[in-house]
Amino acid sequence: RSGGNLFTHVLPLSMPSKKVLLSNVPPFISDETLVRILSRYGKLVSPIKMIPIGSGSPLLKHVVSFRRFCGDPGK
């Protein structure tokens, strides 16, 4: 540390991941089913998350869209 500046050595990711957006997935299809299907194409690096509809109303906070996303390292 010199003069208030901080030097941090950063390395590039060895396996960069991609964000995968799943559209038109009805809520009755479980995340476990999606994980099983998507695992055929690569290892998932984050859990599947539902995307809220984006309403500003606190009364609609529990309503989610038919879209979900997760992280995939890609190939």
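None of the values given here were measured: they were computed from a predicted structure.

K.L.:
For this particular structure, what's the right way to read the overall build of the protein chain?
P.N.:
Within the protein chain, the secondary structure is distributed over 1 helix and 3 strands. In the protein chain, the succession of α and β elements from N to C terminus is β-α-β-β. Considering the protein chain as a whole, with its 75 residues, one finds that 21% of them fall into the buried category. Restricting to contacts in the protein chain with at least 6 residues of sequence separation, those with at least 24 account for 63%. Of the roughly 6300 Å² of accessible surface on the protein chain, a fraction of 61% belongs to carbon and sulfur atoms.

K.L.:
What is the right way to read the pattern of salt bridges from this model?
P.N.:
In a structure, side chains of opposite charge can pair up when their charged atoms sit close to one another. Under the criterion given, the structure shown has 1 salt bridge. With its nearest N and O atoms 2.6 Å apart, the salt bridge here joins arginine 68 to aspartate 31. Of this pair, arginine 68 sits in strand β3 (residues 64-72) while aspartate 31 is found in helix α1 (residues 31-38), placing the two residues 37 residues apart along the sequence. The class for arginine 68 is buried, based on a relative accessible area of 1%. For aspartate 31, a relative accessible area of 27% puts it in the partly exposed group.

K.L.:
Just to check I follow, could you spell out the nonpolar core for this structure?
P.N.:
Proteins that are soluble and globular tend to have nonpolar side chains buried together. Grouped together as the largest cluster of nonpolar side chains are 7 residues: Leu22, Val25, Leu34, Leu38, Leu44, Ile48 and Cys70. Residues in contact with leucine 22, not counting those within four places in the same chain, are Leu34, Leu38, Phe66, Arg67 and Arg68.

K.L.:
Would you mind showing me how to read the packing of aromatic side chains here?
P.N.:
We describe a pair of aromatic rings using the distance from one ring centre to the other and the angle between the two ring planes. Applying the stated criterion to the full structure yields 0 aromatic pairs. Between lysine 19 and the ring centre of phenylalanine 69, over which it is positioned, the NZ or CZ distance is 4.6 Å.

K.L.:
Got a minute to help me understand a nonpolar patch on the surface in this structure?
P.N.:
A cluster of nonpolar side chains, contributed by Ile53, Leu59 and Leu60, occupies part of the molecular surface with about 300 Å² of accessible area. Following the sequence through the fold, isoleucine 53 ends up in the loop between β2 (49-52) and β3.

K.L.:
Sorry if this is basic, but what is going on with the environment of phenylalanine 66 here?
P.N.:
Residue position: phenylalanine 66 is located in strand β3. Phenylalanine 66 sits in the partly exposed class, given a relative accessible area of 46%. For the pair phenylalanine 66 and proline 26, spaced 40 residues apart in sequence, the C-alpha separation works out to 5.4 Å. With near-sequence residues (within four places) excluded, phenylalanine 66 lies in contact with Leu22, Ser23, Asn24, Val25, Pro26 and Pro27.

Cut-offs and rules
Residues numbered from 1 in each chain as written. Predicted model: local features only at pLDDT ≥ 70, side-chain atom pairs only at ≥ 80, totals over all residues. Heavy atoms only, no water. Helix = DSSP H or I, 4+ residues; strand = E, 2+ residues; numbered from the N terminus. Buried < 20%, exposed > 50% of the residue type's maximum accessible area, 1.4 Å probe, protein only. Contact = heavy atoms within 4.5 Å. Areas by Shrake-Rupley, 256 points an atom, 1.4 Å probe, with all protein chains shown as cover. Salt bridge = Lys/Arg side-chain N within 4 Å of Asp/Glu carboxyl O. Core = buried A, V, L, I, M, F, W, Y, C linked by side-chain atoms within 4.5 Å. Phe/Tyr/Trp six-rings, centres within 6.5 Å; stacked < 30°, edge-to-face > 60°. Lys NZ or Arg CZ within 6 Å of the ring centre and 35° of its normal. Patch = residues over 30% accessible without salt bridge, like charges linked within 9 Å, V, L, I, M, F, W, Y side chains within 5 Å.

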